[in-house]
Amino acid sequence: MLIDTQAEAAPEGLTMRRRIVLAAARLLEEGGLDAVSTRAVAAAAGVPAPSIFRLFGDKDGLLDEVAEHGFKRYLEIKSELLAGDDPVQRLRDAWDLHISFGLEHPAYYGLVYGQPRPGRMPRAGQRTVAGLHSMITQVAAAGRLSMTVERATQIMHSSGVGTIITLLSLPPDARDPRTADITREMVISALTLPPAVGPTDAPTASGATLASHTMALRTALDQDAATPSPPASGPC
């Protein structure tokens, strides 16, 4: 998965903010997070160092935008997965995409997930979780989810992040690609229910079928509650 760097060839057409983000991204890709000092970024972008604080507030603000730059193409591809027919297969595809991105772009991935701080997640991570939440909501709407959307989102997201961090901690030749595949299937199995085979009479409904119907109804009610009602019309 390639990250677009074509704009770097013509910096004269970019805003100062964009020049700074691209300069920081290049430093990150070439030397890791330690190379991304405000002084080094300012020199690479050809701007005064105080400009970084004026535009981004602090270094964390700059790194948030660098992470969004790196995650941009990944999030675009992920959004395209929402158009598939099978919501459970979309979860598998999203998992594979997430694993691929994390292993191919460890510097960007580390910006978002490598230094966790309680109560704070970079915007790129928030958008990643929001996209996953939307996918899992569709699984629930199809009657295929075995737990709440919130719990399923946390389980799948934390499992994916943990898998990538674990694999990145190993030398490349020691990474078993089956690890991610096996973990994916374990997570999908825990989160989802099998598709309904046919009509089921209420008195003999299985626990899985009841759970499926309950989660689908709850999701539908949550979506209705989140939709604002149209203003009432006045008397004729």
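Residues numbered from 1 in each chain as written. Predicted model: local features only at pLDDT ≥ 70, side-chain atom pairs only at ≥ 80, totals over all residues. Heavy atoms only, no water.

### Description of the overall build of the protein
Counting its secondary structure elements, the protein contains 10 helices and zero strands. N-terminal to C-terminal, the α/β element order of the protein is α-α-α-α-α-α-α-α-α-α. Split into buried and exposed, the 236 residues of the protein put 36% on the buried side. Partitioning the contacts of the protein with sequence separation of at least 6, the portion at a separation of at least 24 is 70%. Just so you have it, the protein exposes about 13300 Å², and 58% of that area is on carbon and sulfur atoms. (Helix = DSSP H or I, 4+ residues; strand = E, 2+ residues; numbered from the N terminus. Buried < 20%, exposed > 50% of the residue type's maximum accessible area, 1.4 Å probe, protein only. Contact = heavy atoms within 4.5 Å. Areas by Shrake-Rupley, 256 points an atom, 1.4 Å probe, with all protein chains shown as cover.)

### Some words on the nonpolar core
Across soluble globular proteins, nonpolar side chains show a tendency to be buried alongside one another. Core analysis: the biggest nonpolar cluster contains 51 residues, and Leu 62, Val 66, Phe 71 and Met 156 have the highest contact counts within it. If near-sequence neighbours (up to four positions away) are discounted, Met 156 is found in contact with Leu 91, Trp 95, Leu 132, Ile 136, Val 187, Ile 188 and Leu 191. (Core = buried A, V, L, I, M, F, W, Y, C linked by side-chain atoms within 4.5 Å.)

### A closer look at the packing of helix H5 (residues 87–104) against helix H7 (residues 123–141)
Geometrically, a packed helix pair is captured by the angle between its two axes and the distance between the axes. In contact at an axis separation of 8 Å, H5 and H7 are set at 160° when each is read in the N-to-C sense. As judged from the angle between their axes, H5 and H7 are roughly antiparallel. In this structure, H5 crosses over H7, and the sense of that crossing is left-handed. Counted together, Pro 87, Val 88, Arg 90, Leu 91, Ala 94 and His 98 of H5 and Thr 128, Leu 132, Met 135, Ile 136, Gln 138 and Val 139 of H7 form the full contact between these two elements. Here the contact of H5 with H7 is composed, by residue class, of eight nonpolar, three polar and one charged. (Axes fitted to C-alpha atoms, helices over the stretch in contact; angles between N-to-C directions. Parallel < 35°, antiparallel > 145°, perpendicular 65-115°, else oblique. Left-handed = near helix turned anticlockwise from the far one by under 90°. Nonpolar A, V, L, I, M, F, W, Y, C, P; charged D, E, K, R; others polar.)

### Comments concerning the confidence of the model for the protein
Chain-level statistics for the protein give a pLDDT mean of 83 and a share of 78% at 70 or above. Low pLDDT (under 50) marks residues 5–11, which in the prediction has five contacts with non-local residues, meaning those over four places away or in another chain. (pLDDT = per-residue confidence, 0-100.)

### Describing the pattern of salt bridges
Summed over all chains, the structure comprises 13 salt bridges. Note that Lys 72 and Glu 76 form a salt bridge whose closest N and O atoms lie 2.7 Å from each other. Of this pair, Lys 72 and Glu 76 both sit in helix H4 (residues 59–80), separated by four residues, roughly a single helical turn. A salt bridge links Arg 178 to Asp 176, with the nearest nitrogen and oxygen atoms 3.1 Å apart. Classification of Asp 176 by relative accessible area gives partly exposed; the value is 27%. Bridged by salt links that share partners, the residues Asp 64, Glu 68, Arg 120, Arg 123 and Arg 127 form one connected network. (Salt bridge = Lys/Arg side-chain N within 4 Å of Asp/Glu carboxyl O.)

### Considerations on H7
The periodicity of an α-helix, 3.6 residues per turn, causes residues three or four places apart in sequence to face the same way. Here H7 spans 27 Å end to end across 19 residues, near enough to the 27 Å set by a 1.5 Å rise per residue. Phi turns positive one or two residues past the end of H7, at Gly 143, with a value near 75°. (Expected span 1.5 Å × (residues − 1).)

### With respect to the packing of aromatic side chains
According to the stated counting rule, one finds five aromatic pairs in the structure shown. For the ring pair Phe 71 and Tyr 109, a centre distance of 6.4 Å and an interplane angle of 15° mean the geometry is stacked. With Phe 71 in helix H4 and Tyr 109 in helix H6 (residues 106–113), this residue pair connects regions lying 38 residues apart in the sequence. With a relative accessible area of 0%, Phe 71 lands in the buried category. Judged by centre distance (5.1 Å) and plane angle (25°), the rings of Tyr 74 and Phe 101 are stacked. (Phe/Tyr/Trp six-rings, centres within 6.5 Å; stacked < 30°, edge-to-face > 60°.)

### Considerations on helix H1 (residues 16–31)
The terminal C-alpha atoms of H1 lie 22 Å apart, and with 16 residues this matches the ideal 22 Å at 1.5 Å per residue to within 8%. Buried within H1 are the following residues: Ile 20, Val 21, Leu 22, Ala 23, Ala 24, Ala 25, Leu 27 and Leu 28. Packing partners of the buried residues in H1 comprise helix H2 (38–45), helix H3 (49–56), H4 and H6. Where H1 ends, the next residue or the one after it, Gly 32, has phi of about 80°, a positive value.

### What about the environment of Val 149?
If you trace the backbone, Val 149 turns up in helix H8 (residues 149–168). On the basis of relative accessible area, Val 149 is assigned to the buried category, the value being 8%. In the structure, Val 149 is positioned 11 residues away from Gln 138 in sequence and 9.4 Å away in space, judged by C-alpha atoms.

### Things to note about the packing of H5 against helix H9 (residues 178–191)
The geometry of H5 relative to H9 is characterised by a closest axis approach of 11 Å and an angle of 145° between their N-to-C directions. In this structure, the crossing between H5 and H9 has a hand that is right-handed. Along its contact with H5, which presents Val 88, Leu 91, Arg 92, Trp 95, Asp 96 and Ile 99, the element H9 presents Ala 180, Asp 181, Thr 183, Arg 184, Glu 185, Val 187 and Ile 188.

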